[in-house]
Amino acid sequence: MLKTTQIIFGFYPRRIIKNIKSIPWYNRTRRDFLKQMKNNDTAFPLAKNFPCLQDRYDDSGSASGHYFHQDLFIAQELYKKQPKKHVDIGSRIDGFITHVASFREIEVMDIRPLSDTLPNIKFVQADCMGQSMDNYTNYCDSVSSLHAIEHFGLGRYGDPIDVNGHLKGLNNIYNMLQANGIFYFSVPIGPQRIEFNAHRVFSVSYLLEYFRGKYEIESFSFVDDKGDIHRNMILTEDSALSNFNCKYGCGIFVLRKV
């Protein structure tokens, strides 16, 4: 119940306690800074207070987690492959999409609007579960969908409620892709379940069964529960059944359409 309250209302007791403990430090350092201002000429007047009480406890940046690793890894793969036409379905604009747009054109489809016009990014607002995707049959030789399919049909992003939304999205992507085209795909992996209305979590075995007869698996990588990436792993029956010991990991597939 506490975790749900934190997600909905943003109530984080540990963070509040840390902030309270940091108030004396903030007041002390502010007094020291004011003393230095009196004894030194400065071109900067002191304006309103803007306490930042957490940052000194953080690392210099985050180089872990699902999005960091998948976005960088698949952008690097695209750079190597250099497809003729690449389309993305629902991946993160401020991560993977901008990585790719730094070196090539990318067409992006998402059910939500994108108000900004950005270099190298062609945006199409579309419901990728819907029949309108019939217009994109054999459309391109390269498709990506990173951490997106798990949301299809759960309504989180304004999409229609559809218990089979993930399958409709995957089938539309398959039809969009030309023969021998590459599909870069990631979703959460672990014991199969729906955590409504956030996402689905897929078992590796379920995904392998879906891919059968549709795709050859060129590579499989995953991000574990600690946020570390394991690249180019061997898919065995035992590892698939155990979901690579993930409860909420991220499976990253490079697939070739057969």
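Quick caveat, the model's predicted, so the values are computed rather than measured. (Residues numbered from 1 in each chain as written. Predicted model: local features only at pLDDT ≥ 70, side-chain atom pairs only at ≥ 80, totals over all residues. Heavy atoms only, no water.)

Asker: What exactly am I supposed to notice about the overall build of the chain here?
Answerer: Helices and strands together make up the secondary structure of the chain, namely seven helices and 10 strands. The principal-axis extent of the C-alpha atoms belonging to the chain is close to 75 × 40 × 35 Å. Sequence separation of 24 or more characterises 67% of the internal contacts of the chain that already satisfy a separation of 6 or more. For the chain, the accessible surface area stands at approximately 15200 Å², while carbon and sulfur atoms represent 53% of it. Side chains of the chain carry 31 positive and 28 negative charges; the gap between the two charge centres is 8 Å. (Helix = DSSP H or I, 4+ residues; strand = E, 2+ residues; numbered from the N terminus. Contact = heavy atoms within 4.5 Å. Areas by Shrake-Rupley, 256 points an atom, 1.4 Å probe, with all protein chains shown as cover. Lys, Arg positive; Asp, Glu negative; His and termini not counted. Charge placed at Lys NZ, Arg CZ, Asp CG, Glu CD.)

Asker: Even after reading the chapter, I still don't get the pattern of salt bridges, so can you show me in this structure?
Answerer: Between side chains of opposite charge, pairing is possible as soon as their charged atoms come close. One pass over the structure, following the stated rule, counts 11 salt bridges. For the salt bridge of Lys168 with Asp162, the shortest nitrogen-to-oxygen distance reads 2.6 Å. On the basis of relative accessible area, Asp162 is assigned to the buried category, the value being 17%. Across the pair Arg193 and Glu195 runs a salt bridge, and its minimum N-O distance is 2.9 Å. Owing to a relative accessible area of 26%, Arg193 belongs among the partly exposed residues under this scheme. (Salt bridge = Lys/Arg side-chain N within 4 Å of Asp/Glu carboxyl O. Buried < 20%, exposed > 50% of the residue type's maximum accessible area, 1.4 Å probe, protein only.)

Asker: Which parts of the structure should I look at to understand the environment of Ser186?
Answerer: Its location among the elements puts Ser186 in strand 5 (residues 177-189). We classify Ser186 as buried; its relative accessible area is 0%. Residues Ser186 and Arg104, 82 residues apart in the sequence, show an inter-C-alpha distance of 21 Å. When neighbours within four sequence positions are excluded, Ser186 is seen to be in contact with Gln70, Ser145, Leu146, His147, Ala148, Glu150, Cys250, Gly251 and Ile252. A distance of 2.5 Å separates the side chain of Ser186 from the side chain of Gln70, its partner in a polar contact. (Polar contact = N/O pair within 3.5 Å; in protein donor to acceptor, adjacent residues only side chain to side chain.)

Asker: Explain the domain arrangement of the chain to me, please; I cannot follow it from the model alone.
Answerer: How big an interface is tends to be reported as the loss of accessible area on association of its parts. Each assigned domain of the chain is listed here: domain 1 (1-57) and domain 2 (66-257). Its C-alpha centre places domain 1 at a distance of 39 Å from the equivalent point of domain 2. (Domains from an automatic or database assignment.)

Asker: I would appreciate a short explanation of helix 6 (residues 204-211) in the present structure.
Answerer: Residue pairs three or four apart in sequence face the same way in an α-helix, which turns once every 3.6 residues. Of all the residues in helix 6, the buried ones are Val204, Leu207, Tyr210 and Phe211. Buried positions in helix 6, seen along its axis, are confined to an arc of 125 degrees and lie on one side of it. Of the surrounding elements, those touching the buried residues of helix 6 are helix 5 (165-176), strand 5, strand 8 (215-223), helix 7 (237-241) and strand 10 (249-257). Within two residues after helix 6, Gly213 carries a phi angle of roughly 85 degrees, on the positive side. (Arc of directions from axis to C-beta.)

Asker: Explain the nonpolar core to me, please; I cannot follow it from the model alone.
Answerer: Proteins that are soluble and globular tend to have nonpolar side chains buried together. By size, the foremost hydrophobic cluster in this structure holds 35 residues, and its most contacted members are Ile89, Met109, Met176, Phe183 and Phe185. For this core, the elements supplying multiple residues, two or more each, are strand 1 (86-89), strand 4 (140-146), helix 5, strand 5, helix 6, strand 8 and strand 10. Sorting elements by how many residues they give to this core places strand 5 first, with five residues. Discounting residues that sit within four places of it in the chain, Phe183 has contacts with Val143, Ser144, Ser145, Leu170, Ile173, Leu177, Tyr215, Phe253, Val254 and Leu255. (Core = buried A, V, L, I, M, F, W, Y, C linked by side-chain atoms within 4.5 Å.)

Asker: Before we go on, may I ask you to explain the packing of aromatic side chains in this structure?
Answerer: Each aromatic ring pair is summarised here by two numbers: the centre-to-centre distance and the angle between the ring planes. Taken as a whole and judged by the stated rule, the model has 15 aromatic pairs. Ring geometry for Phe220 against Phe244: centres 5.0 Å apart, planes inclined by 35 degrees, an arrangement best described as tilted. In this pair, Phe220 is assigned in strand 8 and Phe244 in the loop between helix 7 and strand 10, connecting sequence segments 24 residues apart. Overall, the relative accessible area of 1% leaves Phe220 in the buried class. Residue class for Phe244 comes out buried when judged on its relative accessible area of 12%. Grouping aromatic residues by their ring pairs yields a cluster made of Tyr174, Phe183, Phe185, Tyr210, Phe211, Tyr215, Phe220, Phe222, Phe244 and Phe253. Here Arg112 stacks its cationic end above the ring of Tyr157, 4.3 Å away from the centre of that ring. (Phe/Tyr/Trp six-rings, centres within 6.5 Å; stacked < 30°, edge-to-face > 60°. Lys NZ or Arg CZ within 6 Å of the ring centre and 35° of its normal.)

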